[in-house]
2 protein chains.
Amino acid sequence: SVKPINGKRGMTIRAEAINPEIRKSEEKVVDSVVVSELAKPLTAYCRCWRSGTFPLCDGSHVKHNKATGDNVGPLLLKKPKE
Amino acid sequence: SVKPINGKRGMTIRAEAINPEIRKSEEKVVDSVVVSELAKPLTAYCRCWRSGTFPLCDGSHVKHNKATGDNVGPLLLKKPKE
Ligand code: FES
Ligand code: FES
């Protein structure tokens, strides 16, 4: 569904869903990470809603950015070695 | 920019940017969290690109979901008390 809404500085922008496919049966897709359970020093979490391994990032943001001119990317969780 | 692309099951969907405003001067918006530095037992990180406190979630996903019929929400980082 597309509705015109008022953006900043008077721009009119469309209000559209940003998640076309992931877990659409859920009212709100919220994921939790218990940070003490992270296995690796670096884990990337998806913020583009295009990952085949959501909630993890699989690099699909690259294709999305290229196709649309967007500039989104993941959230990196870092667990430095002690 | 809007380009028709092929979705799953033959649906035609539009490829559009999902981030209208956040740090558009950056080629790719990537944020890092050093999990040992999390201050609170629960911290919510934005995945809707509508937060006024990005990369943190400020609850703006609620308005976005209501306006568009979307179902997005934050990533919760949990650091249980020891
Ligand atoms: S695949 Fe979505 S941010 Fe990387
Ligand atoms: S404000 Fe973006 S997910 Fe909550």
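These notes cover the structure that comes with them. (Residues numbered from 1 in each chain as written. Chains lettered and ligands numbered in written order. Predicted model: local features only at pLDDT ≥ 70, side-chain atom pairs only at ≥ 80, totals over all residues. Heavy atoms only, no water.)

Comments concerning the interface of chain B and chain A
At the interface, 50 residues of chain B touch 50 residues of chain A. The interface formed by chain B and chain A holds four salt bridges in total. For the salt bridge of Asp 31 of chain A with Arg 47 of chain B, the shortest nitrogen-to-oxygen distance reads 2.8 Å. Summed over the shared surface of chain B and chain A, the number is 36 residue pairs in polar contact (both at pLDDT 80 or more). Breaking the side of chain B that touches chain A down by element, the ones donating at least two residues are β2 (12-15), β3 (29-34), α1 (60-68) and β5 (72-78) of chain B. Counting residues per element, the side of chain B that touches chain A draws most heavily on β5 of chain B, at seven residues. Looking at the side of chain B that touches chain A residue by residue, the class counts come to 24 nonpolar, nine polar and 17 charged. Looking at chain direction, strand β3 (residues 29-34) of chain A and β5 of chain B are connected through five bridges and run parallel. (Contact = heavy atoms within 4.5 Å. Salt bridge = Lys/Arg side-chain N within 4 Å of Asp/Glu carboxyl O. Polar contact = N/O pair within 3.5 Å; in protein donor to acceptor, adjacent residues only side chain to side chain. Helix = DSSP H or I, 4+ residues; strand = E, 2+ residues; numbered from the N terminus. Nonpolar A, V, L, I, M, F, W, Y, C, P; charged D, E, K, R; others polar. Pairing = 2+ DSSP bridges.)

Section: the side chain of Asp 31 of chain A
Within the element layout of this structure, Asp 31 of chain A appears in strand β3. In terms of polar contacts, Asp 31 of chain A uses its side chain to reach the side chain of Arg 47 of chain B, at 2.8 Å. Ignoring any residue separated from it by four or fewer positions in sequence, one finds Asp 31 of chain A in contact with Arg 23, Phe 54 and Pro 55 of chain A together with Arg 47, Pro 74, Leu 75 and Leu 76 of chain B.

Observations regarding the pairing of strand β4 (residues 42-45) of chain B
Residue and element names in this part refer to chain B. Side-chain alternation along β4 places Thr 43 and Tyr 45 on a buried face and Leu 42 and Ala 44 on a face that remains uncovered. Sheet analysis places β4 next to β5, joined by four bridges and oriented antiparallel. Following the sheet pairing, Thr 43 is matched in β5 by Leu 77. (Buried < 20%, exposed > 50% of the residue type's maximum accessible area, 1.4 Å probe, protein only.)

Digging into the relation of the copies chain B and chain A
Overlaying chain B on chain A yields an RMSD of 0.0 Å, the required transformation being a rotation through 180° with an accompanying axial translation of 0.0 Å. Both copies of the chain, as the preceding transformation shows, are related through a two-fold rotation axis. Considering only C-alpha atoms, the part of chain B nearest the rotation axis is Arg 47 of chain B, at 2.4 Å. (Least-squares fit on C-alpha atoms with pLDDT ≥ 70 in both.)

Some words on the packing of aromatic side chains
Within this structure, the stated rule accounts for two aromatic pairs over all chains. When the ring of Trp 49 of chain A is compared with that of Phe 54 of chain A, the centres are 4.6 Å apart and the planes differ by 25°; the resulting orientation is stacked. (Phe/Tyr/Trp six-rings, centres within 6.5 Å; stacked < 30°, edge-to-face > 60°.)

Notes on the sheet that holds β5 of chain B
Strand order in the open sheet formed by three strands is β3(A)-β5(B)-β4(B), and the pairing between neighbours is mixed. Lying at the two open borders of the sheet, with one neighbouring strand each, are β3 of chain A together with β4 of chain B. The mean inter-strand angle of the sheet, taken between neighbouring strand axes irrespective of direction, is 25°. (Axes fitted to C-alpha atoms, helices over the stretch in contact; angles between N-to-C directions.)

That is the geometry; function is a separate question.
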